[in-house]
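Per-entry structural report
What follows is the residue order along each chain.
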Amino acid sequence: MHATLNSSHLQWILMHSLLMRRYLYSCILFGYLYTTALCLSLKQSENLFHKPRFVFSDVSVGGTSIHIKKSTSSLPNGSLSCEDLRGVGSFNTTCLLNSNLYLSSDLYIYGTGNLEILPHVSIKCPTEGCSITFNMSGNVNMGQYVAIFAGSIVIYAANLTVGQNSAINTTSLAGPPPPQTSGTPVGADGAGGGHGGRGASCLKNNQTSFWGGDVYAWSTLSEPWSYGSKGGSKGNDTSNRRQFGGKGGGRIKLIVKDMLYLNGSVMAEGGDGGLKGGGGSGGSIYIRAVKLKGYGTISAAGGRGWGGGGGGRISLDCYSIQEDVKVSVHGGFSSGCPGNSGAAGTYFNADLLSLRVGNDNVTTETETPLLDFPTGPLWSNVFVENNAKVLVPLRWSRVQVRGQISLYRGGEIVFGLSAYPVSEFELVAEELLMSDSIVKVFGAFRVSVKMLLMWNSKIQIDGGGNTVITASILEVRNLVVLRENSVISSNANLGLYGQGLLMLTGQGDAIKAQRLSLSLFYNITVGPSSLLQAPMDDDASRSVVTNSLCESQTCPIDLITPPDDCHVNYTLSFSLQICRVEDLLVNGIIKGSIIHIHRARTVTIVADGLITASELGCSKGIGRGNYLNGAGSGAGHGGRGGAGYFNGRISNGGLEYGNADFPCELGSGTEGPTQSFGHVIGGGMIVIGSTQWPLLRLSIYGSLRADGQSFGKATINGNGSLIGGLGGGSGGTVLLFLEELMLAENSSLSTVGGNGGPLGGGGGGGGRVHFHWSKIGIGDEYVPVATINGFINSSGGAGDNGGLFGGKGTVTGKKCPEGLYGTFCRECPIGTYKDTDGSDEDLCTPCPLELLPNRANFIYVRGGVGQPFCPYKCISDKYRMPNCYTPLEELIYTFGGPWLFALLLSGVLVLLALSLSILRIKFVESSSYVANIEHQSSHFPHLLSLSEVRGTRAEETQSHVYRMYFMGPNTFREPWHLPYSPPDSIIEIVYEDAFNRFIDEINSVAAYNWWEGSVHSILSVLAYPCAWSWKQWRRRKKVHRLQEYVKSEYDHSCLRSCRSRALYKGMKVGATPDLMVAYIDFFLGGDEKRVDMVSIIQKRFPMCIIFGGDGSYMSPYNLHSDTLLTNLLGQHIPSTVWNRLVAGMNAQLRTVRHVSIRSALVPVMNWIASHGNPQLEFHGVKIELGWFQATASGYYQLGILVVIGDNSFQNLHQPYLSDRSIDGYQRKDAASSGKTLKQLQQPYPTHALSRKKITGGINGGLINDATLRSLEFKRDFLFPFSLLLHNTRPVGRQDSLKFLITTMLLADLSVTLLTLLQFYWISLAAFLAVLLILPLSLLSPFPAGLNALFSKEPRRASLARMYSLWNATSLSNIAVAFICGIIHYVSSSFHPADKENTWNTRREDDKWWILPTILLLLKSIQARFVDWHIGNLEIQDFSLFSPDPDAFWAHESTS
């Protein structure tokens, strides 16, 4: 069914869109089938496109197609309407094209409306250079599978949509290229055409680069509008004139006001040339839009062929480009040389002003030339990627962009031509980023970027070996990072400048050059296995750097005082310079012939790091080795080279040269007789710092080396025999200008000579190392300049098989100032000084020991000692400077020394003693009263007999019956007590039962409370004199209590006398003045029968009188005779005789000590026998010594037995001894105790006393020569004091003795205070121990002595004894002082001696014992003086000690 679309049909379609769309799709499908058949028929006629101007193929609604031919031409003025194109609508509203259009000439469509090309519609003009233009003010929408083919396509629209699988294609439809271009190759080699990139040529060889068609239209890069070029033909067949090369790509311009939505393709690719021709080059594509979206393709790639065509040019001027749009300008594949495809074209982003050259990973060796870059406005970025190869061919060219220059994925930029490496190139950008890419430069290269990042990339600079070429400069202001085998290399001079970080990350990263300068970086990090090297590895490169220095001994001025600008050129001496860098961290390798690190702050070589100039010095040099007929000697430098030896021939080693104190020479080598024989090279030179700018700190954990080369290979003569090798090269130079060096453990710094070759090669001499310390502090500003725990080696190399070792090199340092010595300017040892400049250790002179005080050691002084007087310090802070005296010694030496001080102190003490004596005489002696006669005769005047308090009347003497003594020592442990059962003397005047009850009561009253004993025990430990005073006080209280009890409280019910019971006068309690013996006197009441009274009174004798005291120092034995006894005995003996006897007896008893009673009683017994009894027997009286009242504890009392008249000792017969068993429980207890009283088993029974004969039945026995040996005694813990304190006979001269005691007392106080001062110096603990063990004992003797001296009668003797007791007690403090002193002495002897102070072997505490010893002597002397003083006080009648009895009794009347 054939029908023509009219307006009614269109309205119907618009109203019913769904039905219309289905109908339209069916018409399109029918039309497509019809068009396909029509095209096949058109190919059969060659004139089909020449006859009609338009050929339309329309598919009607009913599906039947019609063909309309029209010959009118299309006019630019828009006279062609939508209907003329068989479309629906109008170009001024909306035009829907649904017919395929085949054109034979240009097409121009203009309208103010929209254009929609329905799916599967094709508009084609297959003529080369044919142009199709859509100039629409509205939107242009290309449906799916729409194709527009022409040589030149231009579309103007507000929005353009290219549907899926749709194409705007000018591939292989290019018109003629611009005139005067060489895009089409000349020749018949099948090269590709050129446009944006050169066409490939398969004629390229290693010497010359060939390419096909060249590039053109560089000036229109931002708005390209040039056709691509044809590829060349292959072959020389002139008969066949057909061109086989592919045609170039056409032109496409898309001008969109808003958005271009591209899901199809826009292509201007070159045509394929096949196997007989080169591929055509890509055309031009220019797109301008605000937004470019979609996932389509834009391509101006070169065509395939024998030689691939170059890529075209694409320019996108879009504000926003979606990344999914693929843009391709790669070169065409070359089938004749697959590895050399056509060069990539250019892709220019006109909005961002960035150029991208990418070859889509198609391998090529043909460059894309980039001509002059614009200077305004500057491009933002340049990208070379995906195996693209870019060439900057001009002689001088400046490549400058505002942003990045990036090379990715095999991208390569070549500056200059390899045949003419004399050009200079400049690259200026913000960043230069390289990844798997290469930059090649032929000539000089200057780079100015902020950041250079390289990943597996290379920058190769070829200066052609021409020194005229200026140095290449890479100025990177912020960051340089090389990773993954990235390399920057130059066979000429190279400078790398920056202001930030330079980091070579790791394995394979390297910067190498003929001369290399790195400067102005804040930090340079050479990572593990990375490399900084200059010169290159070849000998020629090394020789260029070293030749000018090998024959010169003059230090290059630029190494010692280098210029500040850190420039690099061929006139400078260094090969590798690191200049004006804050911190250098070396974990890889820095290698160079002459390494100069200048104006750096710190250099750190980590454990695996290495800075080396080894084997990079001279091959000859001043100290070159010699080779003579197979004998090769080592080269010399710091040490002479080792002589070589071969087959009896000797070759002398190289000479020493250079200055050890300021070395700056390269190590020397040795050359063989021929070039093929080889050579060895000496060590290079490493200079760190300079005189003006020293290095702040050099830390070496790895290695720093400038070693000479060893010759290790065996050499074969022409006849096949081995000959001697060369000697080793000498070590180089390490010159360090620095402030501080740290050489860690297992690190090394070496300039070792090389080893000699086989068969007699001599070792190379060692090199030179010099430390030029820039800042050596002196005094308090001294800081150690070096910490050396590693190795510094400048030894010579080893000789081989008869060859000698090379001489040792030198290791020197700057001359050290005063107080410092050695290479590293260490402080002179303690105890030495150095007052001159120099480094020799011998300059440290020992300090004079005579200026060193006792107890002092020389001390460390920061910066050493620079004067002959070495500072010292006392061995302890306890001593006082400057003489290291103790406080005591300071006091002593303040007054002129020990002797003068002792003299002055003695004088002061004597003066004080005189003053005290005068005061004592004035205030005491003048007011002392005259003692009464009884008290003068009494040996113990401190306490009157308590029985005499109320006096004793004569009638009491007449009525006195019996004196019953208390048993026991009256201590807290064993108080007084009375025995049970009344004695025979009173049994007739008492009721026995009542008496026993009285005994119970009186014993309970006599007992002490527990707390009294506890207080005494505590005081005995803390202060024994106080304990004795406490005991005497409690005894006195106890006696008063007993007296009060018997006098007032007890009813005397045990007495038979009613009068005694009524008057409470039958019993009285008394005690001796020393309170050691107490007794009860029994009296008759007066109402007894006269006969009984007479029989009772007759039983008084024999009478036992018990001595007071206990034989101790404080209570000596004494015979106390009160008025009652005197009156009783006065009935038989005159009172003067009795009193004289008592005085003489007490004089003898006071020296008897209980602890030596066996020997002490012998003089008493002798005195009784010689002085007492002869006089008493004249009056019918006799006395004998005896022991009485033994207790269970072993305590017994001494006394005398007085016998009157016929009751002589010879009348005590044996029968009375059999009644010993009735002596009461006391005798049994004494026997059972077995401790002291062996008298009970004595072998002399005739001298025992019977209870019946001894009045009252007191148990005991007589003491004579036989029984004396059986007396036992106990020694308590106070026994040692008895050796010091004991009562003596008086010596007289009382005033002198008092003066001496006063002097000794003051001396004791003085020495005590000095001792305390000494022990306070030793330690506070020792001071407190001496002072408080025992408490108060050390200082109490002085007030006690003053109290005794200034006391008045009658207590002088007792106070003197207290003074003596305090004096003896203080010996415990002296013992503690000795113990503390010994402990201190022993502990100090175990202190480890100071190894540095071996000159001082004196001990600080070897005289601590002097003061305690003096104090001990003083107290011992005081004790003796006080004993004499007490003797003088207690015994003022010296006639009592008269050995002549007549002389003794001659003073009877005075007694």
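Starting afresh in each chain, residues are numbered from 1 along the sequence in its written order. For a predicted model such as this one, the threshold for reporting local features is a pLDDT of at least 70, and the threshold for listing and counting side-chain atom pairs is 80 or more; totals across whole chains, interfaces and linings nevertheless cover every residue. With hydrogens and water stripped out, all remaining heavy atoms of the structure feed into the side-chain values.

Attention now moves to the sheet that holds strand β72 (residues 1078-1083). Strand order in the open sheet formed by 3 strands is β70-β72-β71, and the pairing between neighbours is antiparallel. In this open sheet, the two edge strands, each paired with only one partner strand, are β70 (960-965) and β71 (1067-1071). Going from strand to strand, the sheet's axes swing by 25° on average, the running direction of each strand aside. Pairing analysis gives 5 bridges linking β70 to β72, with the strands arranged antiparallel. Bridge pairing links Met964 to Ile1080 in β72. Two strands form a pair only when DSSP identifies at least two bridges running between them. Labels follow the DSSP assignment, with helices taken as runs of H or I lasting at least four residues and strands as runs of E lasting at least two, numbered in each case from the N terminus. Whenever a helix is involved, its axis is fitted only over the stretch in contact; in every case the axis is a line through C-alpha atoms, and angles between N-to-C directions fall within 0 to 180 degrees.

Extensive coverage of strand β57 (residues 733-738) is indicated by the burial of 6 of its 6 residues. Accessibility here uses a 1.4 Å probe with only protein chains present; expressed as a share of the type maximum, an area under 20% marks a residue as buried, one over 50% as exposed, and anything in between as partly exposed. Because side chains alternate across β57, one face comprises the buried residues Thr733, Leu735 and Phe737, and the other comprises Val734, Leu736 and Leu738, equally buried. One ladder, built from 4 bridges, connects strand β52 (residues 685-688) with β57; its direction is parallel. Within the sheet, the bridge partner assigned to Ile688 lies in β57 and is Leu736. Pairing of β57 with strand β60 (residues 768-773) involves 6 bridges; the strand directions are parallel. Bridge pairing in β60 places Phe737 opposite His772.

We now examine the sheet that holds strand β74 (residues 1181-1188). What links the strands of a sheet is backbone hydrogen bonding, and the strands pair in either a parallel or an antiparallel sense. Read from one edge to the other, the open sheet built from 4 strands follows the order β73-β75-β74-β76, with strand pairing classed as antiparallel. Edge positions in the sheet fall to β73 (1103-1106) and β76 (1260-1262), since each of these pairs with one other strand and no more. Strand-to-strand twist in this sheet, taken as the mean axis angle between neighbours without regard to direction, amounts to 35°. The contact criterion used throughout is that any non-hydrogen atoms of two residues lie within 4.5 Å. Most of the contacts of helix α16 (residues 1157-1177) go to β74, to which it runs at about 160°, and overall it touches β74 and β75 (1197-1204).

A few words now on the packing of helix α22 (residues 1356-1369) against helix α23 (residues 1371-1389). At a closest axis distance of 4 Å, the pairing of α22 and α23 adopts a crossing angle of 15°. With respect to α23, the element α22 is oriented roughly parallel. Packed against α22, whose contacting residues are Asn1367, Ala1368 and Thr1369, the element α23 presents Leu1371, Ser1372 and Asn1373 at the interface. Each residue belonging to the contact of α22 with α23 can be placed in one class, and the counts come to 2 nonpolar, 4 polar and no charged. The labels follow the angle: roughly parallel below 35 degrees, roughly antiparallel above 145, roughly perpendicular from 65 to 115, and oblique for the rest. Note on residue classes: Ala, Val, Leu, Ile, Met, Phe, Trp, Tyr, Cys and Pro are nonpolar, Asp, Glu, Lys and Arg are charged, and everything else, Gly too, is polar.

This paragraph deals with the pairing of strand β36 (residues 501-504). Where burial is concerned, the two faces of β36 differ: the one with Leu502 and Leu504 is buried and the one with Leu501 and Met503 is not. Relative to β36, strand β34 (residues 472-483) runs parallel, the two sharing 4 bridges. Of the residues in β36, the one forming a bridge with Leu482 is Leu504.

Turning next to helix α10 (residues 1010-1022). Taking 1.5 Å per residue, 13 residues should reach 18 Å; α10 reaches 19 Å between its end C-alpha atoms and fits that length. Those residues of α10 lying buried are Glu1012, Gly1013, His1016 and Ser1020. For α10, the arc enclosing every buried residue in end-on projection is 95°, short of the 170-degree limit, so these residues lie on one face. Structural note: α10 exposes Trp1010, Ile1018 and Val1021 on the side pointing more than 90 degrees away from its buried face. Helix span, expected: 1.5 Å multiplied by one less than the number of residues in the helix. By definition, the arc is the one covered by directions from the helix axis to the C-beta atoms.

In this section: the packing of helix α5 (residues 887-894) against helix α19 (residues 1294-1322). Where α5 contacts α19, the axes come no closer than 8 Å and their chain directions differ by 130°. Our classification of the angle between α5 and α19 gives oblique. Contacts from Pro887, Leu888 and Leu891 in α5 reach Leu1314, Leu1317, Gln1318 and Trp1321 in α19. Taken together, the residues of the contact of α5 with α19 break down into 6 nonpolar, 1 polar and no charged.

At the junction of Met881 and Pro882, the peptide bond is cis and its omega measures out at 5° in the coordinates. The topology assignment puts Pro882 in the loop between β69 (872-874) and α5. Following Ile1333, the chain continues into Leu1334 via a peptide bond in cis, with omega recorded as 0°. As for its placement among the helices and strands, Leu1334 is situated in the loop between α20 (1324-1332) and α21 (1341-1349). One non-glycine residue, Asn629, adopts positive backbone phi at about 50°. The topology assignment puts Asn629 in the loop between β46 (627-628) and β47 (631-632). Judged by relative accessible area, Asn629 falls into the exposed class, the value being 52%.

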